[in-house]
Amino acid sequence: MNAPSPQLHPEIHNHPAPVALLQDLATRFGSQYSAALVVREQHGRDESSFSVPPPAAVVFAESTQDVADAVQLAARFKVPVIPFGVGSSLEGHLLAVQGGISLDLGRMNQVLAINAEDLTVTVQAGVTRKQLNEAVKSAGLFFPVDPGADATLGGMAATRASGTNAVRYATMRENVLALEVVTARGEVMRTGTRAKKSSAGYDLTRLMVGSEGTLGVITEVTVKLYPLPEAVMAATCSFNSLADAVNTTIHVIQMGVPIARCELLDANTIRMVNKHSNLALREGAMLLMEFHGSPASVQEQVATVQAIAHDFGGQTFEWASTPEARTKLWTARHNAYFAGIQSRPGCKVITTDACVPISKLADALLDSVTEAQTSGIPYFLVGHVGDGNFHMGYLIDPDSAEERATAEQLNHRLVQRALKLGGTCTGEHGVGLHKMDFLVQEAGDGAIAMMRAIKQALDPDNLMNPGKIFRR
């Protein structure tokens, strides 16, 4: 199969919404409806580099019935519906490339049921991960999936998010037990249960997790919770080269150390983070790690990792043992994206999130960094390298066609390299607009045909977030 060309601009087929639909929405939703340009523009952009006309209107849902009514009205007029959480997606998921209405679920933010004895919780789709953890911490529990942004649980389920804790606690795919979903016909259905496992029929929960709003609108999510660890320690360790840091990671994972977080930043990114977050981290390749467990098990993990790091020239570990110090450190890591943007005012970011088998991490990452350095395009590198996932962010002048083309070529070669090594074009951001051609190459024509058939069966009029994942 031929490799896809870099996707420089999305396909836009903007169909105006009928005035009758907008009138019906205004009548049904009142103050929960807006056609104001500033509101539409807010809901017509995300963290991607794409520029697309805004949706025709925005509906602020406050209940599952609101979602069902909005979808039914849109379906009557055959107008697209685009779910909206907090707008933190990176691949153009919420852009109105075929027009339509934006359905904002941010007001659906109730924690519905905390089942501490079963280690589960059910929330409305607009609950954010920080809000959820605040609600369950008094029960001695936490939800570990942490994509960095304070995303909504509905959005995280829709994009199959993961993040810094995935190396130990896995991703949304493994942590979502059940969903409530409004279908393209405006019907409310439930998938899954709170039971840990089931062999009952098709796994519709997994079908919806990662569907990016193209098969329905997620309105409720039931997820697993975990006991707060008895002991937590975070540490940084600097290395003389990226290769040493990467090889340390590979050996830690292959030794079976149950490390909770293992993040990689290069010297370029450390400089940006230091300036943005007022830190004084050593400017070199760095692993930022966290260990969870009993005091004894944490000490055992630390000793093993220190020995491995020492073999690869790791510098002295710098510890952050208090909650305040750990929070400062991880906040700085999560703000690496914004540190990159601040380093070049007015820039746009073209980012990628390839993931490869852990044994191939050095092959995928080091060549990509060399290409970025050679290109002259400013960039940052962060990675959840414990599970083979890394991000390159290329900082481009949005008015420079040459820089955009160069950055997309870099992204193109990075993804090709990951696929060749048995990896994926997207470890956690999702396909959206940016990775559609790569998905064809990764999954194959047969799998894409099956996805299209599912989409056609569940959304025959192509109204659920159209133009995403694959071209119709």
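Before reading on, note that the structure itself is shown above.
Because the structure is predicted, anything quoted here is derived from the model rather than measured.

Examining the overall build of the protein chain
Within the protein chain, the secondary structure is distributed over 17 helices and 18 strands. Taken over C-alpha atoms, the radius of gyration comes to 22 Å for the protein chain, in line with the 23 Å a tight globule of 472 residues would show. Structurally, the protein chain occupies a C-alpha span of about 70 × 55 × 45 Å along its principal axes. Counting all 472 residues of the protein chain, 56% fall into the buried class. Pairs at least 24 apart in sequence give 73% of the contacts found in the protein chain among residues at least 6 apart. A total of about 19100 Å² of accessible surface is found on the protein chain, and carbon and sulfur atoms cover 51% of it.

A short note on helix α3 (residues 64-76)
Note that an α-helix has 3.6 residues per turn; residues three or four places apart therefore point the same way. In this model α3 runs 18 Å from its N-terminal to its C-terminal C-alpha over 13 residues, within 8% of the 18 Å that 1.5 Å per residue would give. All of the buried residues along α3 are T64, D66, V67, A68, D69, A70, V71, L73 and A74. Count one or two residues on from α3 and you reach K78, which has phi positive near 55°.

Thoughts on the packing of helix α14 (residues 361-375) against helix α15 (residues 401-420)
Taken N-terminus to C-terminus, the directions of α14 and α15 make an angle of 165°; their axes are 10 Å apart at the nearest point. In this view, α14 runs roughly antiparallel relative to α15, as classed from their interaxial angle. For the crossing formed where α14 meets α15, the hand is right-handed. Facing α14, whose interface residues are D363, A364, D367, S368, E371, A372 and S375, α15 presents T406, L410, R413, L414 and R417. Residues of the contact of α14 with α15, tallied by class, amount to 4 nonpolar, 3 polar and 5 charged.

So, empty space enclosed by the protein
Enumeration over the complete set of coordinates arrives at 3 cavities of 30 Å³ or more. In this structure, the largest cavity occupies an estimated 50 Å³ of space. Taken together, S48, S49, F50, L90, E91, V349, I350, T351 and H434 make up the lining of the largest cavity. Broken down by class, the residue content of the lining of the largest cavity amounts to 4 nonpolar, 4 polar and 1 charged.

Considering the packing of aromatic side chains
Taken as a whole, this structure holds 6 aromatic pairs when the rule is applied. Aromatic side chains F317 and W319 sit 5.5 Å apart centroid to centroid with 40° between the ring planes, which places their arrangement in the tilted category. Judged by its relative accessible area of 9%, F317 is buried. By relative accessible area, W319 is classed as partly exposed at 36%. Between Y337 and F338 the ring centres are 5.3 Å apart and the planes differ by 85°, which places this aromatic pair in the edge-to-face class. Residue class for Y337 comes out buried when judged on its relative accessible area of 14%. An aromatic cluster is present here, built from F142, Y169 and Y226 joined pairwise through their rings. The ring of F29 carries R28 above its face, with NZ or CZ at 4.3 Å from the centroid. Residue placement shows R261 over the ring face of W330; its charged tip is 4.2 Å from the ring centre.

Describing the side chain of E428
Inspection of the secondary structure puts E428 in the loop between α15 and α16 (436-443). Nearest to the buried, unbridged E428 among oppositely charged side chains is R333, at 6.2 Å. Residues contacting E428, with those up to four places away along its chain left out, are T159, R160, A161, S162, G163, D353, H384, N389 and H391.

Considering the pattern of salt bridges
Applying the stated criterion across every chain yields a total of 22 salt bridges. E62 is the salt-bridge partner of R107, the closest N and O atoms lying 3.1 Å from each other. Of this pair, R107 sits in the loop between β4 (101-104) and β5 (111-115) while E62 sits in the loop between β2 (57-60) and α3; the two residues are 45 residues apart in sequence, bridging distant segments of the chain. We classify R107 as partly exposed; its relative accessible area is 37%. A relative accessible area of 40% means that E62 is categorised as partly exposed. R129 is the salt-bridge partner of D146, the closest N and O atoms lying 3.1 Å from each other. Residue D146 is found in the loop between β7 (141-142) and α5 (153-158), and its partner R129 is found in helix α4 (residues 129-136); the two are separated by 17 residues along the sequence.

So, how was this worked out
Residues numbered from 1 in each chain as written. Predicted model: local features only at pLDDT ≥ 70, side-chain atom pairs only at ≥ 80, totals over all residues. Heavy atoms only, no water. Helix = DSSP H or I, 4+ residues; strand = E, 2+ residues; numbered from the N terminus. Rg over C-alpha atoms; globule rule 2.2 N^0.38 Å. Buried < 20%, exposed > 50% of the residue type's maximum accessible area, 1.4 Å probe, protein only. Contact = heavy atoms within 4.5 Å. Areas by Shrake-Rupley, 256 points an atom, 1.4 Å probe, with all protein chains shown as cover. Expected span 1.5 Å × (residues − 1). Axes fitted to C-alpha atoms, helices over the stretch in contact; angles between N-to-C directions. Parallel < 35°, antiparallel > 145°, perpendicular 65-115°, else oblique. Left-handed = near helix turned anticlockwise from the far one by under 90°. Nonpolar A, V, L, I, M, F, W, Y, C, P; charged D, E, K, R; others polar. 1 Å grid on protein atoms, 1.4 Å probe; cavity = no way out; pocket = protein on both sides within 12 Å on 5 of 7 lines; lining within 4 Å. Points joined across faces, edges and corners; volume = space filled by probe spheres on them. Phe/Tyr/Trp six-rings, centres within 6.5 Å; stacked < 30°, edge-to-face > 60°. Lys NZ or Arg CZ within 6 Å of the ring centre and 35° of its normal. Lys, Arg positive; Asp, Glu negative; His and termini not counted. Salt bridge = Lys/Arg side-chain N within 4 Å of Asp/Glu carboxyl O.

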